[in-house]
Amino acid sequence: LRYYPIATSSSSSNDNNNFVQIEVVQRTVEVPTDQGFGFNELYKISTPVPGLFGTSSDQILERAVRVQRRYRRAFDSQGNRVVEGLEIMKTYRVLDGV
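Figured I'd write up the structure that's included with this text. Since the structure is predicted, the reported quantities are computational estimates derived from the model, not experimental observations.

1. What about the packing of aromatic side chains?
- With the rule as written, the count across this model stands at three aromatic pairs.
- Between the aromatic rings of Phe37 and Phe39, the centroid separation amounts to 6.3 Å while the plane-to-plane angle is 90 degrees, which identifies the pairing as edge-to-face.
- You can call Phe39 partly exposed: its relative accessible area is 28%.
- The structure contains a cluster of three or more aromatic residues connected by ring pairs, namely Phe37, Phe39 and Tyr71.

2. Details of the pairing of strand E2 (residues 19-33)
- Relative to strand E3 (residues 36-48), E2 is paired through ten bridges, and the arrangement is antiparallel. Bridging from a neighbouring strand, Arg27 pairs with Glu41 of E3.

3. Re the pattern of salt bridges
- If you walk through the whole model with that rule in mind, you get seven salt bridges.
- Here Lys44 ties to Glu62 by a salt bridge, and the two come within 3.5 Å at their closest N and O atoms. Here Lys44, found in strand E3, pairs with Glu62, found in strand E4 (residues 60-75); they are 18 residues apart in sequence, far enough to count as distant.
- Put simply, Glu84 and Arg72 hold a salt bridge, and the shortest N to O gap is 2.7 Å. One end of the pair, Glu84, is in strand E5 (residues 81-93); the other, Arg72, is in strand E4, with twelve residues separating them in the sequence.
- By relative accessible area, Arg72 is classed as partly exposed at 48%.

Rules of the game
Residues numbered from 1 in each chain as written. Predicted model: local features only at pLDDT ≥ 70, side-chain atom pairs only at ≥ 80, totals over all residues. Heavy atoms only, no water. Phe/Tyr/Trp six-rings, centres within 6.5 Å; stacked < 30°, edge-to-face > 60°. Buried < 20%, exposed > 50% of the residue type's maximum accessible area, 1.4 Å probe, protein only. Pairing = 2+ DSSP bridges. Helix = DSSP H or I, 4+ residues; strand = E, 2+ residues; numbered from the N terminus. Salt bridge = Lys/Arg side-chain N within 4 Å of Asp/Glu carboxyl O.

Take a look at the structure:
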């Protein structure tokens, strides 16, 4: 798998250990049709956890997030065109060795 970094945030400019990194692991796009269109994305979120899992400050907690979005075109009661959307977000904790 190839990771695509999309965002990195640090709590202070001189502390490289306090960061949150978000990377796209997988992305699929459904081509727009008369029924609608959608996206299915898998993100990897890495955050440091100093002191939580022992004395080492270089421990990283990783989570996986699956975001599924689905949109469809419709009409409201006055006949105006609207886009209806649904977003489902599932968060998983990545365990070491699993």
